[in-house]
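So the chains spell out like this:
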Amino acid sequence: MQEIRNYTMNFGPQHPAAHGVLRLVMEMDGETIVRADPHIGLLHRGTEKLAESKPFNQSIGYMDRLDYVSMMCNEHAYVRAIETLLGIEAPVRAQYIRTMFDEITRILNHLMWIGSNGLDLGAMAVFLYAFREREELMDVYEAVSGARMHATYYRPGGVYRDLPAQMSQYRESPWHKGNDLKRINSWREGSMLDYLDAFTADFPSKVDEYEELLTTNRIWKQRTVGIGVISPELAQQWGMTGVMLRGSGVEWDLRKKQPYAKYAEMDFDLPVGVNGDCYDRYLCRVEEMRQSNRIIQQCVQWLKANPGPVMVKNFKVAPPSRVEMKEDMEALIHHFKLFTEGYCVPAGETYCAVEAPKGEFGCYLVSDGANKPFRVHLRAPGFAHLSSMDTIVRGHMLADVVAMIGTYDLVFGEVDR
Amino acid sequence: MTDTSATSLSDQLAARFGDTLTLSTVRNETTAELAAADLIAVATALRDEPAFRFSELIDLCGVDYLGYGQTEWDTESVSGTGFSRGVEGQAMGRFTWAERPRDSNHPRRFASVIQLLSIEHNRRLRLRVFCDDDSMPLLPSLTLIWPSVNWFEREAFDLYGIIFDGHQDLRRILTDYGFVGHPFRKDFPLIGNVEVRYDPEQKRVIYEPVSIEPRVLVPRTIRDDADLMQARAEAADQWREN
């Protein structure tokens, strides 16, 4: 009789479904997985060590580059940790802006996720639909910070600047012309908040379109229902947070349980799964987009009615305005000190977490009283999730690993740091 | 709403564990410091006992306390030495491997810091365990209590060289295959020790000693300014006015 042995297969790091640079070494019994060993670190940049060598503010930009599809949520965790140690709090308007941008970021992240996960499992069209709306939200990022992705918009003590009063319009080009151009620009006649009003009124119908393509799609359900089932106990043992935990039926969301920024004032619901499989997590994320949309609407309403400062007026932490610098020597000195030496943070340690789109993103910050952090540790949700890969995919088929990588919502910027 | 106040947690911990834990509560965050020998027993109790139920280990990370509180810039007294004090220094990122600081006066350099989360009681707890021996930092592994700690311990081993006794698979995780040293230690230069490039003559990627120089520009400064406190109080007032 012919002898049949298990064989080892290498997946990635150069593979379109590896979501970046995941290398998986799998022991296979035919098409079935016996053991999966993820090799990570191919994108390790030593962010935490770099942050230790720089004044506090200079590392905010690194945070964007961790989970590079939910940029501002990462900044939020880091900035909150600094604020906690400094004992300062951002003005109310800045808190609302942060809440709004956290939710814009959540939609951005979930759009990227639904597109790429669809692509992984053979649904090409969703990607094109999702990126249409993603582009519209990227414009909001650009309008507020000047950068489409790596915004560096949140600062200790508030946000970099107030929301723009005028949304910039598209000029005619080979890609934007005629009625298309008119439609795009009709949203952009007023301020950024008017633009977001138009967007949020329109967005639920767009989510309906994604659902139309996937929710009852037979192939989609065959690829996701009953795949990667995670029990609530297993999810907690493996340190899962966010949708990975809620998909298994545990009602846990930091926005509800340990509210930060202005989440306590927001009215939104928490979607929770039943079976803990890939399909439930898909449904949770889709519903989260609708709920984020609701939160943005509430923030827009508040922000329109309540103008005010967006940064604390503490020149040890926040720079003075250019006008003040031209007239006031104190302001000039503050500016110089802040951008050369930075500010000293009182000795102590803190752990601050935010509900990032992928789960709990935390920042453990130790300061010894210097102008640079003594130790920064960034707790990335993807790192904890990916470590459970071996346990979850054992006994699944090879193609289900791709579904699993998709449902973990991995981004290697944060896993490898 | 479940009880999230840290004081009652700290009281409960003190009543249950007594002198085993050294407790401190700052800004509603409770930290418990304990000896490596007690870690397994305390961790098991924290996970299983109904009063605690820390079902999730959220995070574990290594910390190297070498050089804690050291500065490169004298802010207490006036000096006539001029600008050079700003560009010469021994702190993070400003030395090569040959010039690395070798101060071993700090009692117990390495610690591992654990963040726990109880979903049932909605509260968090931080544990800190120091390694007794700096030359061979050793801690018991928690993999049998919370499986999620597996990769976090591998990371702490990789970056700090902390060895977790009882870990089944203590391999490097973030650094390159065949990497030498533990890069997040405070005496490891920010510029690293080796660089890689493709050598067209040998037709392969080769490792060479680093050619770049340490170039961190901003000195490490500690200020305990009165005006910082003043500014903070002013900011608090301002915020209230808004």
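Report follows, based on the coordinates.

Analysis parameters
Residues numbered from 1 in each chain as written. Chains lettered and ligands numbered in written order. Predicted model: local features only at pLDDT ≥ 70, side-chain atom pairs only at ≥ 80, totals over all residues. Heavy atoms only, no water. Helix = DSSP H or I, 4+ residues; strand = E, 2+ residues; numbered from the N terminus. Rg over C-alpha atoms; globule rule 2.2 N^0.38 Å. Buried < 20%, exposed > 50% of the residue type's maximum accessible area, 1.4 Å probe, protein only. Contact = heavy atoms within 4.5 Å. Areas by Shrake-Rupley, 256 points an atom, 1.4 Å probe, with all protein chains shown as cover. Lys, Arg positive; Asp, Glu negative; His and termini not counted. Charge placed at Lys NZ, Arg CZ, Asp CG, Glu CD. Core = buried A, V, L, I, M, F, W, Y, C linked by side-chain atoms within 4.5 Å. Phe/Tyr/Trp six-rings, centres within 6.5 Å; stacked < 30°, edge-to-face > 60°. Axes fitted to C-alpha atoms, helices over the stretch in contact; angles between N-to-C directions. Parallel < 35°, antiparallel > 145°, perpendicular 65-115°, else oblique. Left-handed = near helix turned anticlockwise from the far one by under 90°. Polar contact = N/O pair within 3.5 Å; in protein donor to acceptor, adjacent residues only side chain to side chain. Buried area = accessible area lost by both parts, 1.4 Å probe. Salt bridge = Lys/Arg side-chain N within 4 Å of Asp/Glu carboxyl O. Pairing = 2+ DSSP bridges.

## Focus on the overall build of chain A
Within chain A one finds 18 helices and eight strands. A compact globule built from 417 residues should have a C-alpha radius of gyration of about 22 Å, and chain A, at 23 Å, falls within 12% of that. If one aligns the C-alpha atoms of chain A with their principal axes, the spans along those axes are about 90 × 55 × 40 Å. Per-residue burial over chain A gives 61% buried out of 417 residues. Relative to all contacts within chain A whose residues are 6 or more apart in sequence, the contacts with residues 24 or more apart total 68%. Looking at chain A as shown, the accessible area adds up to about 15100 Å², and 53% of this sits on carbon and sulfur atoms. Averaging the positions of the 46 positive and the 55 negative side-chain charges in chain A gives two centres separated by 4 Å.

## Concerning the nonpolar core
Residue and element names in this part refer to chain A. Ranked by size, the top nonpolar core spans 172 residues in total, and within it Met100 and Phe101 carry the most contacts. Looking at this core element by element, the count peaks at eleven residues for helix 4 (residues 92–120). Once residues lying within four places of it in the same chain are set aside, the contact partners of Phe101 are Met72, Val140, Tyr141, Val144, Tyr153, Tyr154, Leu163 and Met192.

## Here's the deal with the packing of aromatic side chains
Within this structure, the stated rule accounts for 22 aromatic pairs over all chains. Aromatic pair A:Phe101 and A:Tyr141: ring centres 6.0 Å apart, planes at 70 degrees, arrangement edge-to-face. Here A:Tyr141 lies in helix 5 (residues 124–145) and A:Phe101 lies in helix 4, a separation of 40 residues in the sequence. With relative accessibility at 0%, the residue A:Phe101 sits in the buried group. Residue classification places A:Tyr141 among the buried residues on the basis of a relative accessible area of 0%. Ring geometry for B:Tyr65 against B:Phe130: centres 5.5 Å apart, planes inclined by 40 degrees, an arrangement best described as tilted. Of the two residues, B:Tyr65 is situated in the loop between strand 3 (56–64) and helix 3 (84–87) and B:Phe130 in strand 5 (residues 123–130); the sequence distance between them amounts to 65 residues. Both residues of the pair, B:Tyr65 and B:Phe130, belong to the buried class.

## Thoughts on the side chain of A:Thr224
Relative to the assigned elements, A:Thr224 resides in helix 8 (residues 218–224). Every residue in contact with A:Thr224, bar those within four places of it in the chain, is listed here: A:Leu121, A:Asp277, A:Cys278 and A:Tyr279.

## A word on the packing of helix 4 of chain A against helix 7 (residues 192–214) of chain A
All names here are of chain A. Two numbers describe how helix 4 lies on helix 7: the axes approach to 13 Å, and their chain directions differ by 30 degrees. Considering their axes alone, helix 4 and helix 7 lie roughly parallel with respect to each other. As helix 4 runs across helix 7, the sense of the crossing is left-handed. Of the residues in helix 7, those in contact with Met100, Phe101, Ile104, Ile107, Leu111 and Ile114 of helix 4 are Met192, Leu193, Leu196, Phe203, Tyr210 and Leu214.

## Things to note about the side chain of A:His76
Residues and elements named next belong to chain A. One can find His76 in helix 3 (residues 71–86). A polar atom in the side chain of His76 sits 2.7 Å from the side chain of Asp102. With near-sequence residues (within four places) excluded, His76 lies in contact with Arg98, Asp102, Tyr154, Tyr260, Ala261 and Val354.

## Quick look at the interface of chain B and chain A
Each partner contributes to the interface: chain B provides 64 residues, whereas chain A provides 71 residues. Of the roughly 5800 Å² buried where chain B meets chain A, counting both sides, 56% is carbon and sulfur surface. The tally of links between chain B and chain A comes to seven salt bridges. The partner of B:Arg126 in a salt bridge is A:Glu349, with the nearest N and O atoms 3.8 Å apart.

## Examining the sheet that holds strand 1 (residues 7–11) of chain A
Residue and element names in this part refer to chain A. Strand order across the open sheet formed by three strands is 1-2-3, with antiparallel pairing between neighbours. Each edge of the sheet is formed by a strand with only one pairing partner; in this case those strands are strand 1 and strand 3 (32–39). Each neighbouring strand pair of the sheet contributes to a mean axis angle of 25 degrees, computed without reference to strand direction. Bridging between strand 1 and strand 2 (residues 23–29) involves five bridges; their strand directions are antiparallel. Across the sheet, the residue bridging to Thr8 is Glu27, located in strand 2. Against the sheet, helix 17 (residues 398–408) touches strand 1, strand 2 and strand 3, its axis set at about 150 degrees to strand 2.

## Things to note about the environment of A:Lys372
One can find A:Lys372 in the loop between strand 7 (359–367) and strand 8 (375–379). Residue class for A:Lys372 comes out buried when judged on its relative accessible area of 2%. Along the chain, A:Lys372 and A:Ala51 lie 321 residues apart, while their C-alpha atoms are 7.7 Å from each other. With near-sequence residues (within four places) excluded, A:Lys372 lies in contact with A:Glu52, A:Ser53, A:Lys54, A:Pro55, A:Phe56, B:Val216, B:Val218, B:Pro219 and B:Arg220. Reaching out from A:Lys372, the side chain makes a polar contact with the backbone oxygen of A:Ser53 at a distance of 3.4 Å.

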